[in-house]
Amino acid sequence: MPGLVHVVDDDASFRTAVERRLKLAGYEVATYSSAQDLLERLPDGDGPGCILLDVQIPGLSGPQLQSHLAGLGSTLPIVFVTGYADTATTVRAIKAGAEDFLTKPVSSEQLLDALARALIRQQADHIQRTKLSLLQMRLKSLTPRERQVFELIVRGKINKQIAHELGTAERTVKAHRHQVMEKMQVQSLAELVSMAERLGVLDPEAKRTG
């Protein structure tokens, strides 16, 4: 899978060797000698890409850069590569979302496999974010009253109960319910509940305890 790999390492010979390997494999490559160098040319992450990041680099360390990028909202997956691996650092990096943690010297096969996995995950995450954005747009299209009806429907309330709770006629609730289903583009209550959970409108336990 082609993409842009951002190589962050203070070892110039390593950067050169990796750049050559990756370009032969069909990747575009951008290299940086420090975390600050990357931050000054911060990748937008719009296209397929990932970061190949050393642990011990001048200024911000690799894990510190990982944390900083997360705070900036970066969606680029990170593959760590280091000559000084230790269990604690590896565990922290993986828990913080790193795709992989490789130890130098790393074979071309290991490197390319890790980058391919990172790019596949990035693509999957992008698809999920796009779907969620679409659902959020549909939710925003609801009127305030339709939003109230929506939230009560997914909590298992029937029309009669919703009408009583909102102080309106049952036929009015039926009309709002129809609009909710149309605007959210669903055909069943199960679909609507699933959508509500994905949007964070409904706790997964709420439909059983509400």
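Above this text sits the structure in question.
The text that follows walks through the structure, step by step, so that each part is easy to find. (Residues numbered from 1 in each chain as written. Predicted model: local features only at pLDDT ≥ 70, side-chain atom pairs only at ≥ 80, totals over all residues. Heavy atoms only, no water.)

Brief notes about the overall build of the protein chain
Note the following rule: In DSSP terms, a helix is any run of H or I states spanning at least four residues, a strand is any run of E spanning at least two, and both are numbered starting from the N terminus. Throughout, the radius of gyration refers to the C-alpha atoms, and the reference size of a globule is 2.2 Å times the residue count to the power 0.38. Buried means the residue's accessible area, taken with a 1.4 Å probe over protein chains only, is under 20% of the maximum for its type, while exposed means over 50%, and partly exposed covers the values in between. Any two residues having at least one pair of non-hydrogen atoms within 4.5 Å are treated as being in contact. Using a 1.4 Å probe, accessible areas were evaluated by the Shrake-Rupley method; residue-level cover was limited to the displayed protein chains. The sign given to each residue is positive for Lys and Arg and negative for Asp and Glu; His and the chain ends receive no count. Every charge is mapped onto a representative atom, which is NZ of Lys, CZ of Arg, CG of Asp or CD of Glu.
What the protein chain contains, in helices and strands, is 10 helices and 5 strands. Taken over C-alpha atoms, the radius of gyration comes to 24 Å for the protein chain, far larger than the 17 Å a tight globule of 210 residues would show. Overall size of the protein chain, expressed as C-alpha extent along the three principal axes, is 75 × 35 × 30 Å. By the burial criterion, 40% of the 210 residues in the protein chain qualify as buried. A separation threshold of at least 6 residues defines the contact pool for the protein chain, and within that pool the share at least 24 residues apart is 61%. If you sum the accessible surface of the protein chain, you get close to 11700 Å²; carbon and sulfur atoms cover 52% of it. With 26 positive and 25 negative side-chain charges, the protein chain shows a separation of 10 Å between the mean positions of the two kinds.

A short note on helix α5 (residues 108-140)
Rule in force here: For a helix, the expected span equals 1.5 Å multiplied by the residue count minus one.
Taking 1.5 Å of rise per residue, the 33 residues of α5 would be expected to cover 48 Å, and the 48 Å separating its terminal C-alpha atoms lies within 8% of that figure. Every buried residue of α5 is listed here: Leu111, Ala114, Leu115, Ala118, Leu119, Gln122, Leu135, Arg138 and Leu139.

Remarks on the sheet that holds strand β3 (residues 49-53)
The cut-off we apply is this: Pairing between strands requires that DSSP locate at least two bridges from one strand to the other. The convention used is that axes are lines fitted to C-alpha atoms, helices contributing only their stretch in contact, and that angles between N-to-C directions extend from 0 to 180 degrees.
As summarised here, the arrangement of the 5 strands in space is β2-β1-β3-β4-β5, forming an open sheet in which the pairing is parallel. Strand pairing shows two members of the sheet lacking a second neighbour, β2 (28-32) and β5 (100-103), which therefore form its edges. With strand direction ignored, the average angle separating the axes of adjacent strands in the sheet is 20 degrees. Judged from the 3 bridges that link them, β3 and strand β4 (residues 78-82) form a sheet pairing that is parallel. Within β4, the residue paired with Leu53 across the bridge is Phe80.

Let's talk about unusual backbone geometry
Here the amide bond leading from Lys104 into Pro105 is cis, since omega sits at -5 degrees, within 30 degrees of zero. Locating Pro105 in the fold gives a position in the loop between β5 and α5. Backbone geometry at Gln185 places phi at a positive 60 degrees, although glycine is not the residue there. Following the sequence through the fold, Gln185 ends up in the loop between α8 (170-184) and α9 (189-199).

Focus on the pattern of salt bridges
Here is the rule we go by: Note on definitions: salt bridges are taken to be side-chain nitrogens of Lys or Arg within 4 Å of carboxyl oxygens of Asp or Glu.
All told, the structure shown has 9 salt bridges when counted by the stated rule. Among the ionic pairs, Asp9 bridges to Lys104, the shortest N-O distance being 2.8 Å. Highlighted residues: Asp9 in the loop between β1 (4-8) and α1 (12-24) and Lys104 in the loop between β5 and α5, separated in sequence by 95 residues. Because the salt bridges share partners, they merge into one network encompassing Asp9, Asp54 and Lys104.

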